[in-house]
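These are the residues of each chain, in order.
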Amino acid sequence: MQAEVGRKEEEEEEEEEKMEVEPKTGVSFPAKLPDGKQLCATGLRRRKLLAFGINFYAFGMYVHIDARLKELLKAKLGEAAEKPCKELYEAVIDGDVGIAVRLVIVFKGLTMSMVRKSFDEGLVGSLKKLTGGQKNEELIKKVMAAAKDGTKLPPGSVIEITRLPGQVLQAKVKDELVSKVESELLCRAYFHLYLGDDPFDKEAKERFGRTLVSSLSAP
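This next bit is on the overall build of the protein. Summing up its helical and strand segments, the protein has seven helices and 10 strands in all. Expressed as a percentage of its 219 residues, the buried residues of the protein come to 43%. As presented, the protein carries roughly 12,000 Å² of accessible surface, and 49% of it is formed by carbon and sulfur atoms.

Counted residue by residue, strand β8 (residues 158-164) has five buried out of seven residues, so it is predominantly covered. Where strand β5 (residues 99-105) meets β8, six bridges bridge the pair, whose relative direction is antiparallel. Following the sheet pairing, Leu 103 is matched in β8 by Ile 159. Summarising the sheet, β8 and strand β9 (residues 168-173) pair through six bridges and their orientation is antiparallel. Its bridge partner lying in β9, Glu 160 is registered against Lys 172.

Here the focus is the packing of helix α3 (residues 86-94) against helix α6 (residues 184-195). The geometry of α3 relative to α6 is characterised by a closest axis approach of 8 Å and an angle of 140 degrees between their N-to-C directions. The angle between α3 and α6 places the two elements in the oblique class. Crossing geometry of α3 relative to α6 is assigned as right-handed. In contact with Tyr 89, Val 92, Ile 93 and Asp 94 of α3, α6 contributes Glu 184, Arg 188, Phe 191, His 192 and Leu 195. Split by residue class, the contact of α3 with α6 holds five nonpolar, one polar and three charged.

Here the focus is α3. Along an α-helix, residues three or four apart share an orientation, since each turn contains 3.6 residues. Of all the residues in α3, the buried ones are Leu 88, Tyr 89, Ala 91, Val 92 and Ile 93. Its buried side turned inward, α3 meets α2 (67-77), β5, β8, α6 and α7 (202-216).

The subject of this paragraph is helix α4 (residues 112-131). For α4, with 20 residues, the first-to-last C-alpha span of 28 Å sits near the 28 Å given by 1.5 Å per residue. Taken residue by residue, α4 has Met 112, Val 115, Arg 116, Ser 118, Phe 119, Gly 122, Leu 123, Ser 126 and Leu 127 as its buried positions. Looking down the long axis of α4, one finds its buried residues gathered within 160 degrees of arc, a one-sided arrangement. Once α4 ends, the next one or two residues include Gly 132, with phi positive near 75 degrees.

Turning our eyes to something else, we now look at the nonpolar core. Met 144, Tyr 190, Tyr 194 and Phe 208 are the most contacted members of the largest nonpolar core, which totals 54 residues. Among the elements that line this core, the one with the most residues is α6, at eight residues.

For the rest of this paragraph, the subject is the packing of α3 against α7. The geometry of α3 relative to α7 is characterised by a closest axis approach of 10 Å and an angle of 90 degrees between their N-to-C directions. Of the possible angle classes, the one that applies to α3 and α7 is roughly perpendicular. The segment α3 lies against α7, with Leu 88, Tyr 89 and Val 92 engaging Lys 205, Glu 206, Phe 208, Gly 209, Leu 212 and Val 213. Taken together, the residues that form the contact of α3 with α7 break down as six nonpolar, one polar and two charged.

One pass over the structure, following the stated rule, counts seven aromatic pairs. With centroids separated by 5.1 Å and ring planes inclined at 85 degrees, the aromatic side chains of Tyr 190 and Phe 191 adopt a geometry described as edge-to-face. Given a relative accessible area of 2%, Tyr 190 falls into the buried group. Summarising the aromatic geometry, the rings of Tyr 194 and Phe 200 are spaced 5.1 Å apart at their centres and angled 80 degrees between planes, so their arrangement reads as edge-to-face. Residue classification places Phe 200 among the partly exposed residues on the basis of a relative accessible area of 24%.

Looking at where Thr 162 falls in the secondary structure, it is placed in strand β8. By relative accessible area, Thr 162 is classed as buried at 6%. With residues near it in sequence (within four places) discarded, Thr 162 still touches Lys 37, Ile 99, Ala 100, Val 168, Leu 169, Gln 170 and Phe 191.

Definitions and cut-offs
- Residues numbered from 1 in each chain as written.
- Predicted model: local features only at pLDDT ≥ 70, side-chain atom pairs only at ≥ 80, totals over all residues.
- Heavy atoms only, no water.
- Helix = DSSP H or I, 4+ residues; strand = E, 2+ residues; numbered from the N terminus.
- Buried < 20%, exposed > 50% of the residue type's maximum accessible area, 1.4 Å probe, protein only.
- Areas by Shrake-Rupley, 256 points an atom, 1.4 Å probe, with all protein chains shown as cover.
- Pairing = 2+ DSSP bridges.
- Axes fitted to C-alpha atoms, helices over the stretch in contact; angles between N-to-C directions.
- Parallel < 35°, antiparallel > 145°, perpendicular 65-115°, else oblique.
- Left-handed = near helix turned anticlockwise from the far one by under 90°.
- Contact = heavy atoms within 4.5 Å.
- Nonpolar A, V, L, I, M, F, W, Y, C, P; charged D, E, K, R; others polar.
- Expected span 1.5 Å × (residues − 1).
- Arc of directions from axis to C-beta.
- Core = buried A, V, L, I, M, F, W, Y, C linked by side-chain atoms within 4.5 Å.
- Phe/Tyr/Trp six-rings, centres within 6.5 Å; stacked < 30°, edge-to-face > 60°.

Shown next, in the form of structure tokens:
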């Protein structure tokens, strides 16, 4: 019995140490976060700067793949889902699902003010789509509220955005908690950027969907 427990602990440690590389940037992401969320897809966020396209950050999307999530997806997709569909993504965006996006900066010379501006622009567009044109600027200002604009974010800096139980959007910058906002609308708007109709990285969204569909048939 003790030997079996020891083997199980070793397997869990090995799983936590596994890494997946985002191919366009070479950035590595852990296969599992300390809280148990599993990596479902990696991707790349590109932006235009002075008319040039730049690699802004690589990202990994993590989800708690548990019985509760599987029940939610099966209720939306049925027992025999074979490929991702709009209903799958909507279930994750709208549901109280444990999900996180881990961002790893790849562009040199970034500051917190530049990242904040990018976040604000993205969230404004997402919120307008979800609310029929409302900007909700006061709500957006709460995201990363405690982050200092002058903070430098060299390549390799990590920002992690997580939806906590109860529709709470939490933001950490380099492991420092900078905001925690309870808002279903804000949670939906943020993850809509990655899983909505016009995602930052379409291939990443597709991989995310395929991973979840595959999980439905896993034990």
